[in-house]
2 protein chains.
Amino acid sequence: MGARVGRGGARAHRYAVVMAGGIGTRFWPHSRRRRPKQFLPVQGRFSLLEDTVRRLRGLVDRDKIFIVAAPEFRPLIRRHLPSLPVENLIVEPAARGTAACLGLAASFIEERDPEGVMAVFPADHVISPLSVFQRSVRTAFATAESERCLVTFGIRPSAPSTGFGYIEVGAVQKRSKPQVFWATRFVEKPNVATARRYLRTGKYLWNSGMFVWRVDVLREAIESYEAPLAGVLGALRGARGRAAAAARRDFAALRSVSVDVAIMEKSDRVAVVAGDFEWNDVGSWAAMEELWPKDEHGNASRGAVLQVDCRNTIASSDRRLVAMVGVDDLIVVDSPDAILICPKGKAEEVRRIVDALARGGKRKYL
Amino acid sequence: MGARVGRGGARAHRYAVVMAGGIGTRFWPHSRRRRPKQFLPVQGRFSLLEDTVRRLRGLVDRDKIFIVAAPEFRPLIRRHLPSLPVENLIVEPAARGTAACLGLAASFIEERDPEGVMAVFPADHVISPLSVFQRSVRTAFATAESERCLVTFGIRPSAPSTGFGYIEVGAVQKRSKPQVFWATRFVEKPNVATARRYLRTGKYLWNSGMFVWRVDVLREAIESYEAPLAGVLGALRGARGRAAAAARRDFAALRSVSVDVAIMEKSDRVAVVAGDFEWNDVGSWAAMEELWPKDEHGNASRGAVLQVDCRNTIASSDRRLVAMVGVDDLIVVDSPDAILICPKGKAEEVRRIVDALARGGKRKYL
């Protein structure tokens, strides 16, 4: 009973911030300027944003979940999360990277609750199983609360991926399940040889882009490592009218930088919770290989798809039949007004189609 | 003036038979059971059938053009050729190959005009330029009339194709333009090595499946080489009621054989007009490479297609955008309810999709 009260007490100050601002081009034709991937159902019937919020049930009170995004996504967010309190939608004055975005959210929460601890989740990840994820988040909350440190989630790499940053871990901070380490180093996306080496040492985890920290701890870190941002956040706090407008202009003039580069790489008080859950950042259509059902020849598909004599293809149909014969390693994605075809190894190049459409003035497809 | 009268006199007995009966599966998803490729516009706005008939203007009087097809295509034919006299539609009692089909058509014309000379054209070929084609047909008519022989059109091979039968030509029969030869041999589709040898000798032409003959000459050849067919055609002639029904049943029981195998290969009185026109039998989607506009990387396309960093692809869009990035040698064909993706080298295997759909009970896509 004591433990229950204790947890309930802690939960009173626990917040979640879901970043729903990204405008991805790699999920064209499904993602569009006005409907980025976090608003798409990638698995099952809920959008990635809805799934992200649903995963927080029991971890964070509903009124302590904030969504941060650009103003143009306000209507979509309200449609996907109708029960979200209006005041829990934080609008970014401008997209200036995750340092500014999360600094703003922390400042917002600190005004409401100086004891607040906030967990940060991108709105476009696929995570399972729920129980393992929630156990990791509870461990991260407890670590941020007791150690007053910055906490990040590291994912045990399953392959020498060059698509993620890595975190080198040092001493074990807590022999819990999941384990918690002190971070010794953040490294940017490596080349394949370096990634292979990381994998062999067993000391590197993928940087998942999910974090937990006390809002005052993050503020102090920003004051130490990213002073211009600290200044703008100070000016925004409680500002109204002309002062607020000026502060918003200053926000828009900040350098665009990730929280990893601005803060995490510089701090020597970063803990890493080793996430044992399945994690997929849904970086491109190639990621669907792990998310959609596969046949015995490695063909992943969703919807009305016929893969005859195909190997390791990925195909999605909304309404129409997608019929493929004799192709390997190809991605085919059907949408109501456009269809994408590209090799799996070139899933990142989908943005070239978006670029070509923009250059060609084909705005209706953007 | 004398020449003109002479030609007019010859034209009085000149007929054309367009074979519109084929049910192709290689043009799925555009061709369907109820709408085979001859009813599709492949180039420009007219269907292949309409184009075939339009090419005969000035060669054959409109009321002397016959269409032969299965009964289920009657409504489509009337829609595509609204000015065709009803009595010029010859309905096959059953599909028993081109020997039976053309024997029936010849019998039909001979009843009307014992002096008739008929030219035969499949409804699904693309041919240009018109003037060269018409000159060849006139030469063929003149040869069939003066020599009382079977005449076929041979196409000078542009590649060692294994998709066509070949005709070996011998002595020059007429030093006209186009040249006319006596055929020495018909050969079935060869392997690549044999096709290469044929190409080197310069004595082999592609068998185009287009013919000209006097109807009485064809009847006599059928009597000599395909007696059961001659018997059925004799029974059908003028038969009514029960006798006609019995004759139609006998027709359906005939062996299914091509006119090439049943007649042309056996006759020693076959002339070959060397067709100098561009000819494409539109055998599969791969043929579109020669029919649709190409970009500088060899990508052929029709409709709203975006080919970024692609080589030698073939793509067709009806309404929606087809966007491809980084693929080579691929065929993509969009249709309102289904899309096809297959490598160019496997264009013949489209029928495997049709087979799979039939097995899976997906009749709406057939």
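Calculation notes
Residues numbered from 1 in each chain as written. Chains lettered and ligands numbered in written order. Predicted model: local features only at pLDDT ≥ 70, side-chain atom pairs only at ≥ 80, totals over all residues. Helix = DSSP H or I, 4+ residues; strand = E, 2+ residues; numbered from the N terminus. Rg over C-alpha atoms; globule rule 2.2 N^0.38 Å. Buried ≥ 20, exposed ≤ 12 C-beta atoms within 10 Å, placed from the backbone. Contact = placed C-beta atoms within 7 Å. Pairing = 2+ DSSP bridges. Axes fitted to C-alpha atoms, helices over the stretch in contact; angles between N-to-C directions. Arc of directions from axis to C-beta. Nonpolar A, V, L, I, M, F, W, Y, C, P; charged D, E, K, R; others polar. Least-squares fit on C-alpha atoms with pLDDT ≥ 70 in both. Core = buried A, V, L, I, M, F, W, Y, C linked by C-beta atoms within 7 Å. Domains from an automatic or database assignment.

A few words now on the overall build of chain A. Along chain A, the regular secondary structure elements total 11 helices and 17 strands. For chain A, the C-alpha radius of gyration of 21 Å lies close to 21 Å, the compact-globule estimate for 366 residues. In terms of overall dimensions, chain A has a C-alpha envelope of 60 × 50 × 45 Å along the principal axes. A burial count over chain A gives 47% of its 366 residues as buried. In chain A, the proportion of contacts linking residues at least 24 apart, taken out of those at least 6 apart, comes to 63%.

As a further point, take the pairing of strand β8 (residues 180-187) of chain B. Residue and element names in this part refer to chain B. Pairing geometry for strand β7 (residues 166-174) and β8, over six bridges, is antiparallel. If you follow E168 over to β8, its bridge partner there is R185. With antiparallel pairing between neighbouring strands as the criterion, β7 and β8 make up a hairpin whose turn holds five residues. Here β8 pairs with strand β10 (residues 270-275) via three bridges, running antiparallel. Note on β10: the bridge partner recorded for W182 is A271.

Sheet architecture is open: six strands sit in the order β12(A)-β14(A)-β16(A)-β17(A)-β15(B)-β13(B), paired in mixed fashion. Of all strands in the sheet, those bounded by a partner on one side alone are β12 (300-302) of chain A together with β13 (305-308) of chain B. Taking each pair of neighbouring strands and ignoring which way they run, the sheet shows an average axis angle of 10°. Here three bridges tie strand β14 (residues 314-316) of chain A to strand β16 (residues 330-334) of chain A, and the two strands are oriented parallel to one another. For A315 of chain A, the partnering residue across the bridge sits in β16 of chain A and is V332 of chain A. Set on the sheet, helix α11 (residues 350-359) of chain A makes contact with β17 (338-343) of chain A together with β13 and β15 (321-325) of chain B; between it and β13 of chain B the angle comes to about 125°.

What follows concerns helix α7 (residues 215-225) of chain A. All names here are of chain A. When α7 is considered as a whole, its buried residues turn out to be V215, V217, L218, A221 and I222. Here the buried residues of α7 occupy an arc of 160° about the axis, which is enough to place them on one side. Those residues of α7 that are buried are in contact with α4 (97-112), β4 (117-122), β6 (150-155), β9 (204-214), α8 (227-236) and α10 (259-264).

Bringing the interface of chain A and chain B into the picture now. Taken together, the 28 residues of chain A in the interface contact 28 residues of chain B. Elements that contribute at least two residues to the side of chain A that touches chain B include exactly β13 (305-308), β15 (321-325), β16, β17 and α11 of chain A. A total of six residues in the side of chain A that touches chain B trace back to one element, the largest contributor, which is β17 of chain A. In terms of residue class, the side of chain A that touches chain B is made up of 20 nonpolar, one polar and seven charged. Bridging between β17 of chain A and β15 of chain B involves four bridges; their strand directions are parallel. Each residue of the ladder has a partner; that of I341 of chain A, found in β15 of chain B, is M324 of chain B.

Read across the sheet, six strands follow the order β13(A)-β15(A)-β17(B)-β16(B)-β14(B)-β12(B) without closing on themselves; strand pairing throughout is mixed. The sheet is open, and its two edges are formed by β13 of chain A together with β12 (300-302) of chain B, each paired on a single side. When the angles between neighbouring strand axes are averaged without regard to direction, this sheet yields 10°. On the sheet, helix α11 (residues 350-359) of chain B packs against β13 and β15 of chain A together with β17 (338-343) of chain B and is oriented at approximately 125° with respect to β13 of chain A.

Note on the identical chains: chain A maps onto chain B by a rotation of 180° and an axial translation of 0.0 Å, with an RMSD of 0.1 Å. The relationship between the two copies is best expressed as a two-fold rotation axis. Interface overlap between copies: 100% of the residues of chain A at the interface are likewise at the interface in chain B, consistent with a symmetric, same-surface contact.

Here we come to the nonpolar core. Counting residues in hydrophobic clusters, the biggest one holds 86 residues, and the most contacted among them are V17, A105, M118 and V272 of chain A. Sorting elements by how many residues they give to this core places α4 of chain A first, with nine residues. Contact partners of V17 of chain A, with chain neighbours within four places excluded, come to F66, V68, L102, A105, M118 and V120 of chain A. Counting 85 residues, the second largest nonpolar core, distinct from the first, contains V60, A123, I167 and A183 of chain B.

Residues and elements named next belong to chain A. Its domain assignment divides chain A into domain 1 (2-280) and domain 2 (285-365). The gap between the C-alpha centroids of domain 1 and domain 2 is 30 Å. Contact residues are listed per partner, giving 10 residues for domain 1 and 15 residues for domain 2. Of the residues belonging to the side of domain 1 that touches domain 2, the class tally is five nonpolar, four polar and one charged.

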